[in-house]
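Chains, contacts and geometry: an overview
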Amino acid sequence: MPGFEVFGEEEKRQALEVFDTGVLFRYEFGEQRNGVYKVREFEQAFAQYTGAAHAQAVTSGSAALKVALSALGVGLGDEVITQGFTFVATWEAILDVGAVPIFTEIDHTLNMDPLDLEKKITSKTRAIIPVHMLGAQARIKEIKEIADKYGVPVIEDTAQAAGARLNGQHLGTFGRCGTFSFDAVKTMTTGEGGMVISNDEELWRNCSEYHDHGHDHVVNPGGRGGEGRRFIGFNYRMMELQGAIGLAQLAKLDMIVREQQKNKAILKEAAAKIAGVSFRKILDEQGDSATFLAFMLPDKEQAAKVNQVLRENNAGAINFGENTWHFYPSWEHLLEGKTLCKNSWPFTVQGKRRVIYDPQALPASSELMNRTLVYQVPVKLSESRRDTLLTALNKAAAL
Ligand SMILES: *Cc1c(COP(=O)(O)O)cnc(C)c1O
């Protein structure tokens, strides 16, 4: 998912416009900035690109989740449901607002299993966060239907799926809001950065004010110092350089996805020859951002055997069953409630442990993850790298 591969002159030109004004702050400095408002422009361009009515830039994808949860009023005593296959940031944000993360199984989409979601909804559920992992669609329509039935808002964690769509509609626009990350390894990058998109103006307003210490951003004679505030907030502001780089990267996003789709097809064709292989369920191939290729072997042993051949041929694949940052049973710090806080917050409240996490709670996900192999798909696939990958996959097919 590497926007860094296509980082170049366009990003430099955009950033230089910011250097020319010397204004790094997204607000104020009216006389100095010559009408240059890169973060604001980036928000408008991102909203227009995805088809959302509003966009709020923030400092990271993690911040986007936290701002979205805060804007929805989620806090202490609430439960938020997400999936057991995601990056740690998804549940860190839930814990950070004081809520308890509840985890669902994944299905062959490698994303939230809607059947398990419905089982895990309780009277305390205040938000549902499906994650469009590895660049492709969660069963967002089914998830949204279930969420609507119980009156619970959906936040789509779209950190790994910028540029992806489902039947032509951008991921991140199905739920009440969608969150994105532009960190250093994402499909488009601003180094660090994130975005919340929504069609709900009130929710966007909450995001905008919360992310900037509560400033209401209403024009007034006192300027920034004279602004009103409706509630307390924090600082998750994006800076102008990031906005500038974001504009350049966004303009390349559809090209990135197109190139990845081509390269993914090459790898998929070769992987299809491996005995017993099957592929991750992609709900809409055309809308896949194609940042990853995920394929399954019949069992864990065969996946290990195939991956050993791939590794021996300099083309080892990722097995998320062995990866410690993206899959529930490996999150020992979460499972064991490890925190810097002396009173064990957020795991313990008033001396009482809020939830005990059982490492074996997601058997279906484990079964699936342990036999799934994943390649990151590059934007630029050099001939020599392509040959290495195809040779390795052919050797695995000859097993
Ligand atoms: C990267 C990522 C995040 C966090 O984004 P940062 O910008 O790194 O904070 C959140 N969720 C998922 C699924 C991610 O992959």
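Right, let's walk through the structure included here.

About the thresholds
- Residues numbered from 1 in each chain as written.
- Predicted model: local features only at pLDDT ≥ 70, side-chain atom pairs only at ≥ 80, totals over all residues.
- Heavy atoms only, no water.
- Pairing = 2+ DSSP bridges.
- Helix = DSSP H or I, 4+ residues; strand = E, 2+ residues; numbered from the N terminus.
- Axes fitted to C-alpha atoms, helices over the stretch in contact; angles between N-to-C directions.
- Contact = heavy atoms within 4.5 Å.
- Near = heavy atom within 4 Å.
- Polar contact = N/O pair within 3.5 Å; in protein donor to acceptor, adjacent residues only side chain to side chain.
- Nonpolar A, V, L, I, M, F, W, Y, C, P; charged D, E, K, R; others polar.
- Core = buried A, V, L, I, M, F, W, Y, C linked by side-chain atoms within 4.5 Å.
- Buried < 20%, exposed > 50% of the residue type's maximum accessible area, 1.4 Å probe, protein only.
- Domains from an automatic or database assignment.

Examining the sheet that holds strand S1 (residues 54–58)
- Here we have four strands laid out as an open sheet, ordered S1-S9-S8-S5, and mixed in their pairing. Where the open sheet ends on each side, the last strands, each with one partner, are S1 and strand S5 (155–157). Pairs of neighbouring strands in the sheet enclose a mean axial angle of 20°, with direction left out of account.
- Bridge count for S1 against strand S9 (residues 194–198) is five bridges, and the pairing is antiparallel. If you follow alanine 55 over to S9, its bridge partner there is isoleucine 197.
- Here helix H7 (residues 201–210) sits on the sheet and contacts S1, strand S8 (177–181) and S9; the angle it forms with S1, its principal contact strand, is near 15°.

With respect to the site of the ligand
- Within the structure, the ligand sits among 16 residues, and Gly61, Ser62, Ser181, Asp183 and Lys186 are positioned closest to it.
- Serine 62 is positioned such that a nitrogen or oxygen atom in its side chain is 2.5 Å from an oxygen atom of the ligand.
- The side chain of serine 181 places a nitrogen or oxygen atom 2.7 Å from an oxygen atom of the ligand.
- Contributing elements (two or more residues each) for the shell around the ligand: helix H3 (61–71) and helix H4 (89–96).
- Of the residues that constitute the shell around the ligand, the class distribution is five nonpolar, eight polar and three charged.

Description of the nonpolar core
- Among the nonpolar cores identified, the biggest contains 31 residues, and Phe103, Leu117, Ile128, Leu334 and Tyr357 are the most heavily contacted of them.
- Among the secondary structure elements, those contributing two or more residues to this core are H4, strand S3 (100–104), helix H6 (140–150) and helix H11 (332–335).
- The element contributing the most residues to this core is H6, with four residues.
- Residues lining this core come from more than one domain, with at least three contributed by each of domain 1 (3–252) and domain 2 (253–397).

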